[in-house]
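Single-letter residue listing:
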Amino acid sequence: MWSAAVAPRRVLLASPRAFCAGVERAIDVVDRALERAGGEPVHVRKQIVHNVHVVEELAAKGAVFVEELDAVPDGGTVVFSAHGVSPAVRDEASRRGLDVIDATCPLVAKVHIEARRFAARGDTVLLVGHAGHEETEGTLGEAPEQTLLVESAADVAALDVPDPARVSYLTQTTLAVDETAEIVDALRARFPALRGPGTDDICYATTNRQEALRAVSGEADLVVVVGSANSSNSLRLAELAARDGTAAHLIDDVGELRLEWLAGAATIGLTAGASAPPRLVDDVIEALSGLGPVDVEVRETAVETVRFGLPPQVRAAQD
Ligand code: 2E4
Ligand code: SF4
């Protein structure tokens, strides 16, 4: 096994990769909430982002991760995760007198605003996304009576809407750009009066990571995506490479890299999802370097300069 894996190789490093602005902001929010709390507990509802390493590190600093608000004591501090929450969760927090710090990514919050706007004009909102994902649950919660989830182009034919002339669509922020375009085309074919957000709601970071990977996956014998299995955007990267015909694996960290994948893989495409810390990518390169000389080529398809401001509750601690 070792002998087959030991070889000189080329690593095509997709860029952009790893943390996006929304994730950096969410982690910063928890860090600052911990500082502000001065030892009092800071609860975080759900994983702040879908990455085991990020969650473990913040837990080690004292953050208390809970699934639901009933695990937060009355009057306690709670951070909402980057994926957003439904109005029902917000209402419960305010009823319970919780001190809320909202780490919802501003680009998810934008989709919530659209959901409210589309529902307010009387439309049925067709939300393209994955069932059970926290982001779709939050967005669906804006107008639950008026929103239908669409997971695939095959779902479109079965949609039952009260007035086909009054339909709008929205999307989850972390979907595959190509698959979503197909679904939106199918929606438009069925509902010519369909209105929407312009193109879709897939965010810049999701789009850029997919484009960057596309620029390397065709040339690679193997694609490695660093990210957690419950991370929608990370999963989409591995699926994209596989759809393009390249074997792809999603790993939490270098410890999950398997020698048998590397046998015969002279060129490796490497990237990471938006919730994965960049240093985990460096660890993979270092491990590969232990198996022979590695020539790292960065393939940059976009430069990201997006930064988001912090929520008011933790802004004072910023400077
Ligand atoms: C909020 C919105 O949505 P996904 O499962 O990709 O979330 P993850 O935490 O992996 O990535 C950050 C993020 C957060 C993406 N969109
Ligand atoms: Fe925000 Fe996009 Fe990052 Fe999600 S992937 S946190 S929507 S910037």
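Report follows, based on the coordinates.

Once that is clear, we can look at the overall build of the protein. Looking only at helices and strands, the protein has 13 helices and 12 strands in total. Whereas a compact globule of 319 residues would reach a radius of gyration of roughly 20 Å, the protein reaches 21 Å, a difference of no more than 12%. The C-alpha extent of the protein, read off along each of the three principal axes, is 60 × 55 × 30 Å. For the protein, buried positions account for 50% of its 319 residues.

All right, on to helix α10 (residues 232–243) then. In this model α10 runs 16 Å from its N-terminal to its C-terminal C-alpha over 12 residues, within 8% of the 16 Å that 1.5 Å per residue would give. Those residues of α10 not exposed but buried are Ser232, Asn233, Ser234, Arg236, Leu237, Ala238, Leu240 and Ala241. Its buried side turned inward, α10 meets α8 (177–190), α9 (204–217), β9 (222–226), β10 (247–251) and β11 (267–272). Count one or two residues on from α10 and you reach Gly245, which has phi positive near 95 degrees.

What follows concerns the site of ligand 2. Near ligand 2, the surroundings consist of Cys20, Gly22, Cys105, Leu107, Thr173, Cys203, Tyr204 and Ala274. Broken down by class, the residue content of the shell around ligand 2 amounts to 6 nonpolar, 2 polar and no charged.

The subject of this paragraph is the sheet that holds strand β2 (residues 42–45). As summarised here, the arrangement of the 4 strands in space is β3-β2-β4-β5, forming an open sheet in which the pairing is parallel. Only two strands of the sheet have a single partner each, and these edge strands are β3 (63–66) and β5 (99–102). Adjacent strand axes in the sheet meet at a mean angle of 30 degrees, parallel and antiparallel pairs treated alike. Summarising the sheet, β2 and β3 pair through 4 bridges and their orientation is parallel. Within the sheet, the bridge partner assigned to Arg45 lies in β3 and is Val66. The strands touched by helix α2 (residues 21–37) within the sheet are β2, β3, β4 (77–80) and β5, with β5 carrying the most contacts at an inclination of about 150 degrees.

For the rest of this paragraph, the subject is the sheet that holds β11. With parallel pairing, 5 strands are arranged side by side in an open sheet as β10-β9-β11-β1-β12. Of all the strands in the sheet, the pair left with one neighbour each is β10 and β12 (294–300). If you compare each strand with its neighbour and ignore which way they point, the axes differ by 25 degrees on average. Of the strand pairs in this sheet, β9 and β11 are connected by 5 bridges, and their pairing is parallel. By the bridge assignment for β11, Val223 is matched with Gly269. Running at roughly 155 degrees to strand β1 (residues 9–15), α9 makes contact with β1, β9, β11 and β12 of the sheet. Contacting β1, β9, β10, β11 and β12, helix α12 (residues 279–289) runs over the sheet at an angle of about 160 degrees to β11.

Surrounding ligand 1, one finds 15 residues, the nearest of these being His50, Ser231, Ser232, Asn233 and Ser275. Interatomic distance of 2.6 Å between a backbone N/O atom of His50 and an oxygen atom of ligand 1. His133 places a side-chain nitrogen or oxygen 2.8 Å from an oxygen atom of ligand 1. For the shell around ligand 1, a count of residues per class yields 4 nonpolar, 10 polar and 1 charged.

Below, the discussion takes up the nonpolar core. Val29, Val30, Ile48, Val49, Val54, Leu58 and Val79 are the most contacted members of the largest nonpolar core, which has 26 residues in total. Once residues within four sequence positions are removed from consideration, Val30 is found in contact with Val44, Ile48, Leu58, Ala63 and Val79.

As a further point, take the side chain of Thr139. For Thr139, the position within the fold is in helix α6 (residues 134–140). Judged by its relative accessible area of 3%, Thr139 falls in the buried class. In this structure, Thr139 is in contact with Val111, His112, Ala115, Leu127 and Leu170, ignoring residues within four places of it in sequence.

As a further point, take the packing of α9 against α10. Following both chains from N to C, one finds α9 and α10 inclined at 25 degrees, their axes separated by 10 Å at the closest point. Considering their axes alone, α9 and α10 lie roughly parallel with respect to each other. The way α9 lies across α10 gives a crossing that is right-handed. On α10, the residues touching Thr206, Arg209, Gln210, Leu213, Arg214 and Ser217 of α9 are Asn233, Arg236, Leu237, Leu240 and Ala241. Looking at the contact of α9 with α10 residue by residue, the class counts come to 4 nonpolar, 4 polar and 3 charged.

Rules used throughout
Residues numbered from 1 in each chain as written. Chains lettered and ligands numbered in written order. Predicted model: local features only at pLDDT ≥ 70, side-chain atom pairs only at ≥ 80, totals over all residues. Heavy atoms only, no water. Helix = DSSP H or I, 4+ residues; strand = E, 2+ residues; numbered from the N terminus. Rg over C-alpha atoms; globule rule 2.2 N^0.38 Å. Buried < 20%, exposed > 50% of the residue type's maximum accessible area, 1.4 Å probe, protein only. Expected span 1.5 Å × (residues − 1). Contact = heavy atoms within 4.5 Å. Near = heavy atom within 4 Å. Nonpolar A, V, L, I, M, F, W, Y, C, P; charged D, E, K, R; others polar. Pairing = 2+ DSSP bridges. Axes fitted to C-alpha atoms, helices over the stretch in contact; angles between N-to-C directions. Polar contact = N/O pair within 3.5 Å; in protein donor to acceptor, adjacent residues only side chain to side chain. Core = buried A, V, L, I, M, F, W, Y, C linked by side-chain atoms within 4.5 Å. Parallel < 35°, antiparallel > 145°, perpendicular 65-115°, else oblique. Left-handed = near helix turned anticlockwise from the far one by under 90°.

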